[in-house]
Amino acid sequence: ALAMREELLGPSHAYIAQSLNNMALLLKQQRMFDEAEAMHRRALAMREELLGPSHAYIAQSLNNMALLLKQQRMFDEAEAM
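The present account deals with the structure reproduced in this document. No experiment lies behind these values; they were computed from the predicted model shown.

**Notes on the overall build of the protein**
Point 1. Summing up its helical and strand segments, the protein has 5 helices and 0 strands in all.
Point 2. Listing every helix and strand of the protein by position from the N terminus yields α-α-α-α-α.
Point 3. With the C-alpha coordinates of the protein rotated into their principal frame, the extents come out at 40 × 30 × 15 Å.
Point 4. Residues counted as buried form 35% of the 81 residues belonging to the protein.
Point 5. Considering only intrachain contacts with a sequence separation of at least 6, the fraction spanning at least 24 residues in the protein is 45%.
Point 6. Surface exposure of the protein reaches about 5300 Å², of which carbon and sulfur atoms provide 54%.
Point 7. One finds the centroid of the 8 positive side-chain charges in the protein at a distance of 8 Å from the centroid of its 10 negative side-chain charges.

**Section: helix α3 (residues 33-51)**
Point 1. Its 19 residues give α3 an end-to-end C-alpha distance of 26 Å, which sits within 8% of 27 Å, the value for a rise of 1.5 Å per residue.
Point 2. The complete set of buried residues in α3 reads Phe33, Ala36, Glu37, Met39, His40, Ala43, Leu44, Met46 and Arg47.
Point 3. Contacts made by the buried residues of α3 are with α2 (14-29) and α4 (56-71).
Point 4. Gly52 lies just past α3 and shows a positive phi near 85°.

**Concerning the nonpolar core**
Point 1. Grouped together as the largest cluster of nonpolar side chains are 12 residues: Leu2, Ile16, Ala17, Leu20, Ala24, Leu27, Phe33, Ala36, Met39, Ala43, Met46 and Leu68.
Point 2. Looking at this core, the elements with two or more residues in it are α2 and α3.
Point 3. Not counting residues up to four positions away in its chain, the partners in contact with Phe33 are Lys28, Leu68, Gln71 and Gln72.

**Some thoughts on the packing of helix α1 (residues 2-9) against α2**
In a pair of packed helices, the angle between the axes and the distance between the axes together describe the arrangement.
Point 1. At a minimum axis separation of 9 Å, α1 and α2 run at an interaxial angle of 170°. Taken as axis vectors, α1 and α2 run roughly antiparallel relative to one another. In this structure, the crossing between α1 and α2 has a hand that is left-handed. For the pair α1 and α2, the contacting residues are Leu2, Arg5, Glu6 and Leu9 in the first and Tyr15, Ile16, Gln18, Ser19, Leu20 and Met23 in the second.
Point 2. Grouping the constituent residues of the contact of α1 with α2 by class yields 6 nonpolar, 2 polar and 2 charged.

Here is what the cut-offs are and how they apply
- Residues numbered from 1 in each chain as written.
- Predicted model: local features only at pLDDT ≥ 70, side-chain atom pairs only at ≥ 80, totals over all residues.
- Heavy atoms only, no water.
- Helix = DSSP H or I, 4+ residues; strand = E, 2+ residues; numbered from the N terminus.
- Buried < 20%, exposed > 50% of the residue type's maximum accessible area, 1.4 Å probe, protein only.
- Contact = heavy atoms within 4.5 Å.
- Areas by Shrake-Rupley, 256 points an atom, 1.4 Å probe, with all protein chains shown as cover.
- Lys, Arg positive; Asp, Glu negative; His and termini not counted.
- Charge placed at Lys NZ, Arg CZ, Asp CG, Glu CD.
- Expected span 1.5 Å × (residues − 1).
- Core = buried A, V, L, I, M, F, W, Y, C linked by side-chain atoms within 4.5 Å.
- Axes fitted to C-alpha atoms, helices over the stretch in contact; angles between N-to-C directions.
- Parallel < 35°, antiparallel > 145°, perpendicular 65-115°, else oblique.
- Left-handed = near helix turned anticlockwise from the far one by under 90°.
- Nonpolar A, V, L, I, M, F, W, Y, C, P; charged D, E, K, R; others polar.

Below, the structure is given as structure tokens:
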């Protein structure tokens with residue numbers, strides 16, 4: 001789905017960020033933490049660029065990233081989110 005969306009919408013679109021976020025959640029469940037973190041960071045950066053710093057989806061991305069870091073016992077980094 002991500003590749004299809006990127007092909008249809010280009011590399012930077014809100015739906016791409018949504019797909020990245022969803023893939024990151026799936027990777028987290030599979031305990032593929034490095035890959036999940038990369039997807040979360042990419043989604044967050046895209047959302048910040050497209051939506052600005054105060055949008056609800058930014059909060060969602062920060063929360064998801066913090067939960068991923070917490071699961072890895074990276075508490076200081078999670079709290080900074």
